[in-house]
Amino acid sequence: MILKVKKQNYGTAICSAFEYLLEKYPEVFVIGQGLWSPWYVGNSMTDLDKKFGVERIIDTPVSESACTGAAVGASLSGMRPILVHPRMDFMLYAMDAVVNQAAKWSHMFGGQAHPAVTIRSIINRGGEQGAQHSQALHSWFAHVPGLRVVMPSTVKDARDLLIASVLCNDPVIYIDDRWLYEQEDDLPPIEELSLAAQGPACLRKGADITLVGSGFSTYLANKAAEILGKQAVSVEVIDIRILNPFDASLIIESVERTGVLLVVDLGWRNSGFAAEVIARVTENVGTDVLKCRPRRITLPDAPAPTSRALESRYYTSTDEIINTVKELLS
Amino acid sequence: MILKVKKQNYGTAICSAFEYLLEKYPEVFVIGQGLWSPWYVGNSMTDLDKKFGVERIIDTPVSESACTGAAVGASLSGMRPILVHPRMDFMLYAMDAVVNQAAKWSHMFGGQAHPAVTIRSIINRGGEQGAQHSQALHSWFAHVPGLRVVMPSTVKDARDLLIASVLCNDPVIYIDDRWLYEQEDDLPPIEELSLAAQGPACLRKGADITLVGSGFSTYLANKAAEILGKQAVSVEVIDIRILNPFDASLIIESVERTGVLLVVDLGWRNSGFAAEVIARVTENVGTDVLKCRPRRITLPDAPAPTSRALESRYYTSTDEIINTVKELLS
Amino acid sequence: MNDLDINQVNYLIDPANCHNPIYIKGCDTNDLINYLKMMMMIRKVEQKLAIGRRDGFIGGPVHLGVGQEAIAVGVSGSLTCDDRIFGAHRSHSHLLALNPDPYRLFAEVLGKVTGFSRGMGGSMHLWDGPSGFYGSVPIVSGTVSLAVGAAMAARLQKTNHIAVAYFGDGAMEEGVVHESLNLARIQESPVLFVVENNLFASHMHISLRQPSDMQSRFAVANHIPYKLADGNDVVAVKNAASELITHSRNGQGPGFLELITYRWYGHVDWRDDIDVGVHRSLDDVDNWRMRDPVTRLSKAMIEQGIWSAEEEKKLISMLDNQISDAWEKAMNDSYPDESATLNCVYEI
Amino acid sequence: MNDLDINQVNYLIDPANCHNPIYIKGCDTNDLINYLKMMMMIRKVEQKLAIGRRDGFIGGPVHLGVGQEAIAVGVSGSLTCDDRIFGAHRSHSHLLALNPDPYRLFAEVLGKVTGFSRGMGGSMHLWDGPSGFYGSVPIVSGTVSLAVGAAMAARLQKTNHIAVAYFGDGAMEEGVVHESLNLARIQESPVLFVVENNLFASHMHISLRQPSDMQSRFAVANHIPYKLADGNDVVAVKNAASELITHSRNGQGPGFLELITYRWYGHVDWRDDIDVGVHRSLDDVDNWRMRDPVTRLSKAMIEQGIWSAEEEKKLISMLDNQISDAWEKAMNDSYPDESATLNCVYEI
Ligand SMILES: Cc1ncc(C[n+]2csc(CCOP(=O)(O)OP(=O)(O)O)c2C)c(N)n1
Ligand SMILES: Cc1ncc(C[n+]2csc(CCOP(=O)(O)OP(=O)(O)O)c2C)c(N)n1
Ligand SMILES: [Mg+2]
Ligand SMILES: [Mg+2]
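Residues numbered from 1 in each chain as written. Chains lettered and ligands numbered in written order. Predicted model: local features only at pLDDT ≥ 70, side-chain atom pairs only at ≥ 80, totals over all residues. Heavy atoms only, no water.

Draft legend 1. Expanded view of the packing of helix α2 (residues 29–54) of chain C against helix α5 (residues 102–109) of chain C. Residue and element names in this part refer to chain C. The N-to-C vectors of α2 and α5 enclose an angle of 25°; their axes lie 11 Å apart at closest approach. Overall, the two elements α2 and α5 adopt an arrangement that is roughly parallel. In terms of crossing hand, the pair formed by α2 and α5 is right-handed. Contacts from Met41, Val45, Lys48 and Leu49 of α2 reach α5 at Pro102, Leu105, Phe106 and Val109. (Axes fitted to C-alpha atoms, helices over the stretch in contact; angles between N-to-C directions. Helix = DSSP H or I, 4+ residues; strand = E, 2+ residues; numbered from the N terminus. Parallel < 35°, antiparallel > 145°, perpendicular 65-115°, else oblique. Left-handed = near helix turned anticlockwise from the far one by under 90°. Contact = heavy atoms within 4.5 Å.)

Right, here's the structure in full:
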């Protein structure tokens, strides 16, 4: 069988997932702020309103709380809504619908009803936008049982995990990062995956160190690994992909081989997901496995500054990852 | 100097902190739901409305979001409000005011303004109340830079850390747990502490294992340690007290001595604070320090069930802690 | 918002008014008998719950709506099992009016696996999808926006089904309810907002929480058609609901139904809670008991000669038996298996 | 909400109306000159920001309020530095009307340590406590409840200071604003809610988001006294604001001021964004430019003989110089020290 391969970037890959879903599944609709504007979410939803009509592509009042609740309610009524929050920061207004309602719905009613809602929550930072327009709260959602938390880092995952999220009967927080949009890849035809069967993936085999990331930090990790590879450092890169429920077995296995763990996470440090990865590894591998202390690179425990002078240092870089790897291996 | 000692329980200790603050500081006022009802928050605020007047003890409409924002706004205007959320679960409606506004306020404006607000957020669970009336979200707040997160487990801390929280110029999430209210202790006179100078405390010295808790889990840990003490197991108990900013040095030092770490946390497991404790320890102690893998006891990653048959097993117990300690030491 | 309505609210919130039998002329006799049976059943079920809670058989809180039965019964008269009904913390009546099965309600409240929510919900988390009851939860206002979404779905599905959100005057203070009114209006969603205005949110009288007793002013602000009625008059409730529901089924968007009523018990459990309620007196409670929706219907029917003391006696004893059998049966049922805690988190 | 008001809204939202000079009879000449200077200064500062952004000197987004200057200037006419004023994402004018210091604004927008927020805020996070400007942030509606709290504080402190919350028609859709209106009313908090109704929230025209253009209907629902005025008429704004502010200072609780206006630029940055705005046409923008608050005042003053083309020319050149000096100076300032990222998290 010959697979038709299509060149896409991360943004158009998401867009093609939307088109696939909207074409094939009449129960899919999209709701959120900015859906009738050409530039709100990059190139990830271009012209959906024109192709599928404003009844199914619903732009809304500035009411995150009610819109999120409405998506949950629609999902209990036979629909598969995709709710778009163009910026994760705005979701702070919608936490009740996500955490008290969607995440707990199945449990409260004995598994008889499932909110099959997908909440696409975009990390949109940089550009001197400051503290309220820069947040990455994946660690929060990962803490809430009942939510599935998906962070695609590759172009293929951006597309296929969105489709898997929407076809899944549980509430899913699908998190994409605007910094990933320019990545390009040749994509095979769409394949419908079962989200529950997805977990971390090894993007690059290596023997010296296990480097773990999610979303944009995976992208950086991969780049670092590439450069290190040329310097004869063999880095294994694992992309977490699904933060909740979190299956760490692939990471544990890898660390058992490499004996060295570095986690890169672009959220804050304290009580963040990088700690979970370290905990999961250290509570599962023998005390003699680790050759050196596990390490994490995260944001500093500070809100995002605006001034370009500070912003550029606030986020991590491939260089920092490379240097840390070298330090750990020395 | 002879210290006057007063017998109090956890609830009345909180009440005495309120009285102390309201008497001494005219800029202190209290706002929240249930403040004009005798039974809303146990014995922790009895008759404050009668003693200090309904202008300063303000019961409110069912509007968590605006009330939280209002407390933040008042705190920017020379007041020291104490906002009371009788159940932490209700705060999901107030996350914007807490996370986007209060936590970031100082940072966004270059440290020129400080929201000196204290948000008392009560963990109130058990009694078959179910998933929306049982949550402990301390791990969430610990993840947000700008918030100070305080979890008193002792009667003295319940009083003195509340006072320290209110006198602190940063936004503080003060978390008390209704399951602690019956604890009794003889209290010395009130001492005004600087919250920024507070950190984890060693409640019990020991040589065999470091047992770490926060709030009610510290209470359980202490009880377990007592029983184990009688069985010749020497348990060091550390109460985290301040989850954010988190200073782990006392815990690290302790583990360096005992070589064994068990964390007990009454929040969910995935991406929760227990993972942070494990990460902080393992990334800081030598790889030869730990005699066995670090361990955590947490809630299962599931919402709280209602049925008494399930609820009783959902929460951990002194027995589980004792057994785990023994397992780790065997 | 016209003066007539304001006068009506002022009249209705005075507990001294409306003690007389309700006006039933022209109503279908079978309907009326049905309403009476339903209301009595709901009343007795809740009274049983009060006792079960007092005596320690029920472990969790129960929010009783005794005195408010006419609302669920009146509204449900125009609903079908294809509609999508959402409740809140005080929702026994909302469910029973759709599916009069005391046994499964008792089982649920007792945390038994045979209950409406398979024992995972208890009194505050009820579900019965097949009868159209899509869920009730104790977060105040938590389901209102969900109902709007269910209504949006009904419209996208090109059906004439509607959604219903039952909530209280306290919930009206949550911002998400205001967002929901606007969203429903702009989306022309077929949802009926039913506000049971019982003048209290927990211990707080409405005058301590809002500048006006009248909740319909928010319908006006959002350009949503509304009706205001005596919540203790099942016929008035039925008629008002029916008109708004027809309007929604016909594709004309949301409706708002405000019903003035009162709960006889305290906010939670079986006590009066006179001391707990700010502005709540035993006098008021007694007066409101005189506006009993059950008695006012029964008296009217007897006056009209379509019902008798005899029949009522029979009905009562039938219900008593049914309810005590249901309770016994539920008491003997099993709790959910331990595995349910982990197995219900995600669909498996 | 009476018909007169509705007619007024309908009149004001039509861009073909109100192109004439404003009515200034009886106004103090110095006040008028002051308004004119302020509005011109704000306009020029924002136009400078537009260019700075277009040319890449400014790294972050700027939300320009060109066309809406009369509002901040008119409202600030009744404020003192003891009042507590909160803004949002489009708040350059709110701050400049209290503290006309273009240099510190430029420095802030450029991320320099000499800026209003010490370079930590940029255009969307402005603070100037000493002048009464308590903060602006880009989370839509984020400061509205804070203003209510600041007003509660003013009352507890037994002062006659007030709080002001500036927000837009989009923010009105956030639930927390509705909660805030009720809370302010029940607490009788001296807060002025100023709604700059520019008919758009980002790309969405108000008709796509709400069933009515008139925001004051929510003041009515919450029993808050309100005023409705032409937001492009500085005298009308001043008079309406002044009346409501007096009322608040006198202990009579909150006020609500709705001002119809329009922004000339797109939602963010320097472009027109005709293509981005749903229902936004170049025709509309051109028409609204004819309702320019600056020209309409200047023409009225010239007509009255209290102002001349000559004086205006001088003023313009003075402002041009002041602004270009301020910009140059700010451009040469330093960025905050790297340590600020960690040092501003908590008070130290
Ligand atoms: C978000 C939230 N805030 C507060 C509470 C506590 N609470 C439970 S019921 C209630 C009163 C609700 O009043 P209303 O909506 O009028 O319903 P009623 O009890 O009168 O039926 C309150 C405040 C809650 N459960 N959820
Ligand atoms: C909570 C939140 N939701 C959405 C946004 C995105 N957003 C920024 S400005 C804006 C429109 C606001 O409209 P309005 O309040 O009328 O102010 P205007 O831009 O017209 O001055 C939106 C939706 C945001 N910043 N915050
Ligand atoms: Mg009520
Ligand atoms: Mg606007």
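Draft legend 2. Inspection of the site of ligand 1 at higher detail. Around ligand 1, 21 residues are found, and the nearest of them are Glu64(B), His89(C), Arg90(C), Gly170(C) and Asn198(C). More than one chain lines the surroundings of ligand 1; the residues nearby belong to chains B and C. In the model, an oxygen atom of ligand 1 is placed 2.8 Å from a nitrogen or oxygen of the Asp169(C) side chain. The contact in question runs from an oxygen atom of ligand 1 to an N or O atom on the side chain of Asn198(C), over 2.8 Å. Bound to the protein, ligand 1 loses 95% of the 580 Å² it would expose on its own. For the shell around ligand 1, a count of residues per class yields nine nonpolar, eight polar and four charged. (Near = heavy atom within 4 Å. Polar contact = N/O pair within 3.5 Å; in protein donor to acceptor, adjacent residues only side chain to side chain. Areas by Shrake-Rupley, 256 points an atom, 1.4 Å probe, with all protein chains shown as cover. Nonpolar A, V, L, I, M, F, W, Y, C, P; charged D, E, K, R; others polar.)

Draft legend 3. Just the interface of chain D and chain B, in detail. The partner chain B presents 42 residues to the 38 residues of chain D that form the contact. Of the roughly 3100 Å² buried at the junction of chain D and chain B (both faces included), carbon and sulfur atoms supply 65%. Summed over the shared surface of chain D and chain B, the result is zero salt bridges. Our count for the contact surface shared by chain D and chain B stands at 14 residue pairs in polar contact (both at pLDDT 80 or more). When contributions to the side of chain D that touches chain B are tallied by element, the ones reaching two or more residues are β1 (84–87), β2 (126–128), β3 (133–136), α6 (144–156), α7 (175–186) and α13 (340–343) of chain D. (Buried area = accessible area lost by both parts, 1.4 Å probe. Salt bridge = Lys/Arg side-chain N within 4 Å of Asp/Glu carboxyl O.)

Draft legend 4. Geometry of the relation of the copies chain A and chain B. Between the two copies, chain A and chain B, the superposition gives an RMSD of 0.0 Å; the rotation angle is 180° and the shift along the axis is 0.0 Å. Seen this way, the second copy is the image of the first under a two-fold rotation axis. When the interface residues of chain A are mapped onto chain B, 100% of them are again interface residues, pointing to one common binding face. (Least-squares fit on C-alpha atoms with pLDDT ≥ 70 in both.)

Draft legend 5. Region of the structure containing the site of ligand 2. Neighbouring residues of ligand 2: 21 residues in total, closest Glu64(A), His89(D), Arg90(D), Gly170(D) and Asn198(D). Around ligand 2, the nearby residues trace back to chains A and D. Within the backbone of Gly170(D), an N or O atom sits 2.7 Å from an oxygen atom of ligand 2. At 3.0 Å, a backbone N or O of Ala171(D) approaches an oxygen atom of ligand 2. Bound to the protein, ligand 2 loses 95% of the 580 Å² it would expose on its own. When the residues that make up the shell around ligand 2 are grouped by side-chain class, the tally is nine nonpolar, eight polar and four charged.

Draft legend 6. Quick peek at the side chain of Asp230(D). All names here are of chain D. Mapped onto the elements, Asp230 comes out in strand β8 (residues 226–230). Among the residues examined, Asp230 registers a relative accessible area of 8% and is labelled buried. Within the structure, the side chain of Asp230 is placed 3.0 Å from the side chain of Arg296, a separation counted as a polar contact. Those residues within four positions of Asp230 in sequence are excluded, and the remaining contacts are Leu12, Cys18, Ala236, Val237, Ile260, Arg291 and Arg296. (Buried < 20%, exposed > 50% of the residue type's maximum accessible area, 1.4 Å probe, protein only.)

Draft legend 7. Broad picture of the packing of aromatic side chains. Overall, the coordinates contain 31 aromatic pairs over all chains when judged by the stated rule. An angle of 85° between the planes, with centres 4.9 Å apart, marks the rings of Tyr314(A) and Tyr315(A) as edge-to-face. On the accessibility criterion, Tyr314(A) (4% relative accessible area) is buried. Taken together, Trp179(A), Phe216(A), Tyr219(A), Tyr314(A) and Tyr315(A) form an aromatic cluster joined through their ring pairs. Taking the ring centre of Trp264(D) as reference, the NZ or CZ of Arg43(D) above it sits at 4.5 Å. (Phe/Tyr/Trp six-rings, centres within 6.5 Å; stacked < 30°, edge-to-face > 60°. Lys NZ or Arg CZ within 6 Å of the ring centre and 35° of its normal.)

Draft legend 8. Broad picture of the coordination of the magnesium ion (ligand 3). All names here are of chain C. Binding of the magnesium ion (ligand 3) to the protein goes through Asp169 (OD), Asn198 (OD1) and Phe200 (O), at separations of 2.1 Å. For Asp169, a relative accessible area of 1% puts it in the buried group. Note on Phe200: relative accessible area 5%, which makes it buried. (Donors = N, O, S within 2.8 Å, 3.2 Å for Na, K, Ca; no water.)

Draft legend 9. Highlighting the domain arrangement of chain A. Residue and element names in this part refer to chain A. Annotation of chain A at the domain level lists domain 1 (6–196) and domain 2 (201–329). Each of domain 1 and domain 2 has a C-alpha centre, and the two are 26 Å apart. Note on domain 1 versus domain 2: buried area summed over both sides is about 2300 Å², and carbon and sulfur give 58% of it. The tally of links between domain 1 and domain 2 comes to two salt bridges. Between Glu128 and Arg308 there is a salt bridge, with its nearest N and O atoms 2.9 Å apart. (Domains from an automatic or database assignment.)

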